[in-house]
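Spelled out, the chains give:
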Amino acid sequence: MAKTMRAVQVPRAGGPLELVDRDIPEPQPGWVRVKVDACGVCHSDSLIKEGLWPGIQYPRVPGHEVIGVVDLVGERVKPWKRGQRVGVGWHGGNCGYCDHCRRGEFFACEVALLTTGISFDGGYAEYMVAPAEALARVPDELSAIDGAPLMCAGVTTFNALRNSGARGGDVVAVLGIGGLGHLGVQFAAKMGFKTVAIARGKDKEAFAKQLGAHHYIDSRASDPAAELNKLGGASVVIATVTNADAMTAVLGGLAPNGVLMVIGAAGPLSVDPILLLSGCRSVKGWYSGTSIDSQDTLNFSTLNAVHSMNEVFPLERAAEAYDRMMSGKARFRVVLQIGSKA
Ligand SMILES: NC(=O)c1ccc[n+]([C@@H]2O[C@H](COP(=O)([O-])OP(=O)(O)OC[C@H]3O[C@@H](n4cnc5c(N)ncnc54)[C@H](OP(=O)(O)O)[C@@H]3O)[C@@H](O)[C@H]2O)c1
Ligand SMILES: [Zn+2]
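What counts and how
- Residues numbered from 1 in each chain as written.
- Chains lettered and ligands numbered in written order.
- Predicted model: local features only at pLDDT ≥ 70, side-chain atom pairs only at ≥ 80, totals over all residues.
- Domains from an automatic or database assignment.
- Contact = placed C-beta atoms within 7 Å.
- Helix = DSSP H or I, 4+ residues; strand = E, 2+ residues; numbered from the N terminus.
- Nonpolar A, V, L, I, M, F, W, Y, C, P; charged D, E, K, R; others polar.
- Near = placed C-beta within 6 Å.
- Expected span 1.5 Å × (residues − 1).
- Buried ≥ 20, exposed ≤ 12 C-beta atoms within 10 Å, placed from the backbone.
- Axes fitted to C-alpha atoms, helices over the stretch in contact; angles between N-to-C directions.
- Parallel < 35°, antiparallel > 145°, perpendicular 65-115°, else oblique.
- Left-handed = near helix turned anticlockwise from the far one by under 90°.
- Pairing = 2+ DSSP bridges.

Some thoughts on the domain arrangement of the protein
Then comes step 1: Entries for the protein in the domain assignment read domain 1 (4-152 + 289-337) and domain 2 (155-285).
Then comes step 2: Each of domain 1 and domain 2 has a C-alpha centre, and the two are 27 Å apart.
Then comes step 3: At the interface, 19 residues of domain 1 touch 12 residues of domain 2.
Then comes step 4: With 5 residues, helix α10 (residues 291-304) is the largest single contributor of residues to the side of domain 1 that touches domain 2.
Then comes step 5: In the side of domain 1 that touches domain 2, the residues fall into 9 nonpolar, 8 polar and 2 charged.

Right, here's the structure in full:
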């Protein structure tokens, strides 16, 4: 077997994405090596590229929407076998025994919170290693390219929706129809919510309706809060935009007890306390999910025909793929095709 592989790394904060040859990594005890077939390109990769996340050690290989095959199993890894198809998402592991982990607050683990493509090298490479607990099983019928975006864009929106408190028939809006949002609309519709897509401009309306949106609001042509109120107010708004003002603009459209679930990393958000307290409304953050949440997302998507629409690039064009994602012009997720089984 070859000893080296191709990988795309960020050499330093603010540096370019560069194609390099690297040694194929060896899994430590409790970890597995994955031969990568496909990896999605997420807006959150900009945190690594631009050094916006604390404590990143460079060079770093980004990529947290990975689908591949178990290639080598480290010591003490019980259920996983070579040849199994697996996914690796943003959440790379947590200690499992601190107070936060025992309360189910994995994202607040203070002992060993690991993030794929940040704490350890991710999937912009032919091989990567990951903790066994970070692996999700992949349904046979789901291709690597179709599955990859579900490992972050998918699990985040799916998990936010299923934990939002909304019930079948409630008005649920998805703000921002990009990589995350176009999956969020499909999940919301398939979960039985009265689904509203909100984006700027007219050009996404037909597509949003094809995805299952019952209503479309063009936030440039009308006030999205007023439009939501015409529908009775939103029980939940899943905010995937990367802009805080766009989030503020929908707050007035929350129904009593409504929740704005903030998913997009945006600047400071301004919220009118009177609006919150007078209707017991809230603003809540949502953070990704664990590997079992990812596995549930893959299964739900396969069962209900939720599909990511992807633009596919080969690994060596990762820099171009990243720029395409950042341009906002991609329709709708960008995925790197890496292995032969993609
Ligand atoms: N919370 C989590 O666990 C989690 C997980 C994954 C990603 N994220 C974050 O989620 C966000 C979305 O990621 P993504 O990969 O889906 O990005 P993306 O594909 O670039 O989509 C971003 C969306 O934001 C919209 N937008 C940007 N500026 C806007 C503005 N001024 N007004 C209205 N809409 C605006 C874009 O609309 P246009 O198409 O009109 O430009 C686009 O629909 C990122 O901040 C990412 O870091 C969070
Ligand atoms: Zn992501």
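Here the narrative resumes.
As for the site of ligand 1
Then comes step 1: Among the 26 residues in the neighbourhood of ligand 1, the closest are listed as H43, G178, G179, L180 and N243.
Then comes step 2: Of all the elements in the fold, those that place two or more residues in the shell around ligand 1 are α4 (153-162) and α5 (179-190).
Then comes step 3: Sorting elements by how many residues they give to the shell around ligand 1 places α5 first, with 3 residues.
Then comes step 4: Among the domains, domain 1 (4-152 + 289-337) and domain 2 (155-285) are the pair contributing at least three residues each to the shell around ligand 1.

Comments concerning α5
The α-helix advances 3.6 residues per turn, and as a result positions three or four apart in sequence lie on the same side.
Then comes step 1: Between the first and last C-alpha of α5 there are 18 Å, a value that for 12 residues agrees with the 16 Å anticipated at 1.5 Å per step.
Then comes step 2: Judged by how many residues are buried, α5 sits mostly within the fold: 11 of 12 residues are covered.
Then comes step 3: Where the residues of α5 are buried, they touch α4, β10 (171-175), β11 (194-199), α6 (205-210), β13 (234-239) and β17 (333-337).
Then comes step 4: G192 occupies a position one or two residues after α5 and carries a positive phi of about 95 degrees.

Some details on the packing of α4 against α5
Then comes step 1: α5 packs onto α4 with a crossing angle of 45 degrees between their chain directions and a minimal axis gap of 8 Å. Between α4 and α5, the angle falls in the class oblique. Classified by chirality, the crossing of α5 by α4 is right-handed. Residue-level contacts link A153, G154, T156, T157, F158 and L161 of α4 to G179, L180, L183, G184, F187 and A188 of α5.
Then comes step 2: Residue classes in the contact of α4 with α5 are distributed as 7 nonpolar, 5 polar and no charged.

Here's the deal with the pairing of β10
Note on strand geometry: in a regular strand, side chains alternate between the two faces of the sheet.
Then comes step 1: In terms of residue burial, β10 counts as a mostly covered element, since 5 of its 5 residues are buried.
Then comes step 2: What you see with β10 is no split at all: V171, A173 and L175 on one side and V172 and V174 on the other are buried throughout.
Then comes step 3: As paired elements, β10 and β11 share 5 bridges and run parallel to each other. For A173, the partnering residue across the bridge sits in β11 and is V196.

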